[in-house]
Amino acid sequence: MYINGFDDRIDRVDWQPSAVPTRKVVDSVLGSRQPRQPRSAVLSLAGAVAGLVIGVGLKGMVLPGSPWGPGTGLAGAIGGSLALAGLAVSVPGALFAAVKGQQAPRLMQFASMNLLMIMMVLWS
């Protein structure tokens, strides 16, 4: 059976116009949406602070006169090792966050600020 116009189709399905959506329509729309994650500056701040600490540690490894610089013995070895370990964790962490950015946007927030601050400290 062929229906000629839009009004014929509406009459065939017994549709009644209404200004208020039904509860079923509202529930289906709300149920299909993913919950929003609150945006928090805490992770950006934590990434910035961690990046600053790692960057200062790396920069201090090569500056004479710093507490963990060249020729400082055990303190220099410990401080330098911690800074290098922080860098060794930050770079793969940022790569992992870039790959998993859609599933873990909060990790990307932390990792990007961390690497940005490390680079800024090393370049200054």
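Placed above this text is the structure.
What you see is a predicted model; the values in this text were computed from it and never measured. (Residues numbered from 1 in each chain as written. Predicted model: local features only at pLDDT ≥ 70, side-chain atom pairs only at ≥ 80, totals over all residues. Heavy atoms only, no water.)

### A look at the overall build of the protein chain
No. 1: When helices and strands are tallied, the protein chain shows five helices and zero strands.
No. 2: Listed by position from the N terminus, the elements making up the protein chain come as α-α-α-α-α.
No. 3: Counting over 124 residues, the protein chain shows a buried share of 19%.
No. 4: Looking at the protein chain alone, contacts between residues at least 24 apart form 59% of all its contacts between residues at least 6 apart.
No. 5: For the protein chain, the accessible surface area stands at approximately 9500 Å², while carbon and sulfur atoms represent 67% of it. (Helix = DSSP H or I, 4+ residues; strand = E, 2+ residues; numbered from the N terminus. Buried < 20%, exposed > 50% of the residue type's maximum accessible area, 1.4 Å probe, protein only. Contact = heavy atoms within 4.5 Å. Areas by Shrake-Rupley, 256 points an atom, 1.4 Å probe, with all protein chains shown as cover.)

### Looking at a nonpolar patch on the surface
No. 1: A cluster of nonpolar residues, Leu 116, Met 119, Met 120, Leu 122 and Trp 123, forms a patch on the protein surface that exposes about 530 Å² of accessible area.
No. 2: Examined against the element boundaries, Leu 116 turns out to sit in helix H5 (residues 105–123).
No. 3: On the basis of relative accessibility, which here comes to 37%, the residue Leu 116 falls in the partly exposed class. (Patch = residues over 30% accessible without salt bridge, like charges linked within 9 Å, V, L, I, M, F, W, Y side chains within 5 Å. Salt bridge = Lys/Arg side-chain N within 4 Å of Asp/Glu carboxyl O.)

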